[in-house]
Amino acid sequence: MRISISCRCGRSYMVTPGSAPKAARCQACGASLVIPARPSDVAAERARRRRLWKKVLLWTAVPIGSLLLLALVVLLVYIRSNSARAEAALAGLRAAGEPTTIAEIVPPAVPRAENAALLYQEAFDAAVEADDPYCVLDDFRVGRVRGTLPVEDRDRVERHLAANRKSIDLARRAARLRRCRFDLDWSRDMNMLLPHLAPMKELVSTLTLDARWRSRKGDVEGALESLEAAFACGEAFDSERLLICHLGRTACFRIGLGALRTILSEQAIPVEAARRWIAHLGTIRGPERFIGALQGERCLGLAAFLRLAEDPESFGVEIDDRIPWLWTFLGLDDVDRAEYVWAIGEMIEMAKLPYWEQGDRLAAFDAHIEAMPIYCIGTRGLAPAIAALLEQEARFRTETTAARIALELSIRRSEGRPWPDRIDDLGPLDEVTGGAIGYERGVAGIRIWIEAAEYSPDVWFLVAGRLVGWQETGISHVAWSPDGRRLVVASEEGPLHVLDAASGRELGSLGPAPAPVAALTLDGSGCLAAVLAGPGQVHV
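Thresholds, definitions, all that
- Residues numbered from 1 in each chain as written.
- Predicted model: local features only at pLDDT ≥ 70, side-chain atom pairs only at ≥ 80, totals over all residues.
- Heavy atoms only, no water.
- Helix = DSSP H or I, 4+ residues; strand = E, 2+ residues; numbered from the N terminus.
- Expected span 1.5 Å × (residues − 1).
- Buried < 20%, exposed > 50% of the residue type's maximum accessible area, 1.4 Å probe, protein only.
- Axes fitted to C-alpha atoms, helices over the stretch in contact; angles between N-to-C directions.
- Parallel < 35°, antiparallel > 145°, perpendicular 65-115°, else oblique.
- Contact = heavy atoms within 4.5 Å.
- Nonpolar A, V, L, I, M, F, W, Y, C, P; charged D, E, K, R; others polar.
- Patch = residues over 30% accessible without salt bridge, like charges linked within 9 Å, V, L, I, M, F, W, Y side chains within 5 Å.
- Areas by Shrake-Rupley, 256 points an atom, 1.4 Å probe, with all protein chains shown as cover.
- Salt bridge = Lys/Arg side-chain N within 4 Å of Asp/Glu carboxyl O.
- Core = buried A, V, L, I, M, F, W, Y, C linked by side-chain atoms within 4.5 Å.
- Polar contact = N/O pair within 3.5 Å; in protein donor to acceptor, adjacent residues only side chain to side chain.
- Arc of directions from axis to C-beta.
- Pairing = 2+ DSSP bridges.
- pLDDT = per-residue confidence, 0-100.
- Disulfide = S-S within 2.5 Å.
- Phe/Tyr/Trp six-rings, centres within 6.5 Å; stacked < 30°, edge-to-face > 60°.

(A) Molecular detail of helix H7 (residues 220-235). Over its 16 residues, H7 extends 22 Å from the first C-alpha to the last, a length consistent with the 22 Å expected when each residue adds 1.5 Å. Of all 16 residues in H7, 13 are buried; the element is thus mostly enclosed.

Dropping the structure here:
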């Protein structure tokens, strides 16, 4: 079959088409011509091209599919290895005897007759708030009030303590019971309610207010009894291995240490009581409770991982709603769980070291947390906040060290021994900075202080003599009894007060005394007092 093709120059040619298009040239002008293929061969060419594309797709899809299958296998192996890593970490904890579930940290049951929590609950219910939350009570609680109080402020303190006498007595009774267990719903893990934390802190504040007020009045025994009850409130948290409860425990102790500082500056504590307090401080300052709280927090965190997919906000981190589902589907929860176990374990090891030796290790810990992938939701959300507590724990241990030194020196004061020029033999160290605790000896007394850039100064002051009396109205004259066993004190207002010279306890009063008192003396028997009150007025 021949067909005609034409060139643009107008010349025509008769050609025979082949199985495929062919190129040719015009003999007249040399232009390029195309001899088309036969019509039946066009369909065959199209079919050939389709077969070629199928081969290309087949040879491309097979490697891609193989790669996807390999990636799926690698992902499954990765998930399996992460799960094995997390289980290995938990198995290591179990082998070491450390708790891994909430059931292991739930406090054991306590018989009602031995449970101090029931008395504490009654004390909470009997507590009465101050009429004016910004009155002198707050200043007196924290030891900011020194010297004479105005009459209206003294009345406020007395009324507040009288209104809370039942609560104070219940707390003192609870302090005699050594076991305590509050009724908490441990099945709620991190969402568990702790309604006893705030009332307990308020109760401690009331007890220390009572201790300071009794110390001001010379009742050292009563002041120490209220102070012991305040410290017992902190010990009531010992069975609750949670960080928040440990913080409540530490807060109670720090409030109590402030009251002890005030009592030591005002009164001479009996030697046996001082030694008992030194031993007591040694039991509350160690890292064991903090380490136990970290272990308990780890149990809560592991339980909370199981709820993350259902409640993403349980960690307090803003995340996309799709992330928890993907997080669990890909097995990234096991990665996070293993990292969380490592992070708490690292903090436990750091807690065993003095804080000033934790610097490099803590910096490496922070860098590791920052470098964690975004899918480590739990660890990134919880670990940094927990790590910040390491310094607070060191600060508390330093405060207890300062209290122990002050008690040691108060014993020297009571025994009549001179105070040392240095306190290096007592081994004082600031556990935050690693430096020495400040000490200064003067004519009027000594000062012991903790001071660093991270926190405000904490000063203990012991006077050189024994403080045996403190009258709120101010003292104008003092006279010894002939046997040296009693003191008669004339105040600026009110009767004459008779104090025991050894303890400062008030034995009675004489009066009302005339005011103002210009002179005061006792007869040889110590039974009669002569008072000069104004010009020419002598009263016996």
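Alright, that's what it looks like, and here's the rest.
(B) Focus on the packing of helix H5 (residues 165-175) against helix H6 (residues 197-216). One way to put it is that H5 packs onto H6 with a least axis distance of 10 Å and a crossing angle of 100°. The orientation of H5 with respect to H6, classified from their angle, is roughly perpendicular. Every residue of H6 that contacts H5 at Arg165, Ser167, Ile168, Ala171 and Arg172 is listed here: Leu203, Thr206, Leu207, Asp210 and Arg214. Its residues placed into classes, the contact of H5 with H6 shows four nonpolar, two polar and four charged.

(C) Molecular detail of a nonpolar patch on the surface. Together, Leu69, Leu72, Val73, Leu76 and Val77 give the surface a local cluster of nonpolar side chains, amounting to about 460 Å² of exposed area. For valine 73, the location among the structural elements is in helix H1 (residues 39-95).

(D) Region of interest: the nonpolar core. Core analysis: the largest hydrophobic core is formed by 41 residues, its most contacted members being Tyr120, Phe182, Met200, Leu203, Leu207 and Leu242. Listed by contribution, the elements that provide at least two residues to this core are helix H2 (116-126), helix H4 (151-163), H5, H6, H7, helix H8 (243-266) and helix H10 (288-305). Those residues in contact with tyrosine 120 that lie beyond four places of it in its chain are Ala171, Ala174, Ala175, Cys180, Phe182, Met200, Leu203, Ala232, Cys233 and Ala236. With 32 residues, the next largest nonpolar core counts Ala223, Leu224, Ala274 and Ala406 among its residues.

(E) How the structure looks around the environment of arginine 413. Turning to its location among the elements, arginine 413 is positioned in helix H15 (residues 389-414). Spatially, the C-alpha atoms of arginine 413 and isoleucine 269 are 9.7 Å apart, while their sequence positions differ by 144 residues.

(F) The side chain of asparagine 164, seen in detail. Mapped onto the elements, asparagine 164 comes out in the loop between H4 and H5. Here histidine 160 takes part through its backbone oxygen, which lies 2.9 Å from a polar atom of the side chain of asparagine 164. Those residues in contact with asparagine 164 that lie beyond four places of it in its chain are Ala126, Ala127, Val128 and Thr206.

(G) Region of interest: helix H9 (residues 271-284). Taking 1.5 Å per residue as the helical rise, H9 with its 14 residues ought to reach 20 Å, and the 20 Å between its terminal C-alpha atoms agrees with that figure. All of the buried residues in H9 are Ala273, Ala274, Trp277, Ile278, His280, Leu281 and Ile284. When H9 is viewed along its axis, its buried side chains cluster within an angular range of 165° and face the same direction. Opposite the buried face of H9, by more than 90 degrees, sit the exposed residues Glu272 and Thr283. The elements touched by buried residues of H9 are H7, H8 and H15.

(H) Looking closely at the pattern of salt bridges. One pass over the structure, following the stated rule, counts 22 salt bridges. For glutamate 158, the salt bridge is made with lysine 217, and the minimal N-O distance between the two is 3.4 Å. A residue pair is termed long-range when its members are at least 10 positions apart, and glutamate 158 in helix H4 and lysine 217 in the loop between H6 and H7 qualify at 59 residues. Residue glutamate 158 is classed as partly exposed on the basis of its relative accessible area, which comes to 33%. Of the residues examined, lysine 217 reaches a relative accessible area of 44% and is grouped as partly exposed. The salt bridge involving glutamate 399 is made with arginine 254; its shortest N-O contact spans 3.0 Å.

(I) The pairing of strand S1 (residues 3-6), seen in detail. For S1 and strand S2 (residues 12-15), the ladder comprises four bridges, and the chain directions are antiparallel. The residue bridging serine 6 from the neighbouring strand is serine 12, located in S2. Between S1 and the antiparallel strand that follows it, S2, lie five residues; glycine 10 among them carries a positive phi value of about 105°.

(J) Representation of the environment of leucine 170. Mapped onto the elements of the fold, leucine 170 is located in helix H5. Sequence separation between leucine 170 and glutamate 122 is 48 residues, and the spatial gap between their C-alpha atoms is 7.2 Å. What leucine 170 contacts, discounting residues up to four positions off in sequence, is Leu119, Glu122, Ala123 and Ala126.

(K) Structural detail: the confidence of the model for the protein. Summary statistics for the protein give a mean pLDDT of 78 and a share of 74% for residues scoring 70 or more. Within the model, the stretch residues 453-457 combines pLDDT values under 50 with eleven contacts to residues more than four positions away or in other chains. Overall, residues 465-473 carries pLDDT values under 50, and its contacts beyond four positions in sequence, including any with other chains, amount to 35 contacts.

(L) Spotlight on the state of the cysteines. A full pass over the atoms with the stated rule returns zero disulfides. Not part of a disulfide, cysteine 233 finds its nearest cysteine sulfur in cysteine 252, a span of 6.1 Å. On the accessibility criterion, cysteine 233 (0% relative accessible area) is buried.

(M) Structural context of the packing of aromatic side chains. Inspection of every chain in the model, using the stated rule, returns five aromatic pairs. Residues phenylalanine 231 and tryptophan 277 carry aromatic rings whose centres are separated by 4.9 Å and whose planes lie at 75° to one another, so their mutual orientation is edge-to-face. With phenylalanine 231 in helix H7 and tryptophan 277 in helix H9, this residue pair connects regions lying 46 residues apart in the sequence. Taken together, the ring pairs connect Phe231, Phe253, Trp277 and Phe396 into an aromatic cluster.

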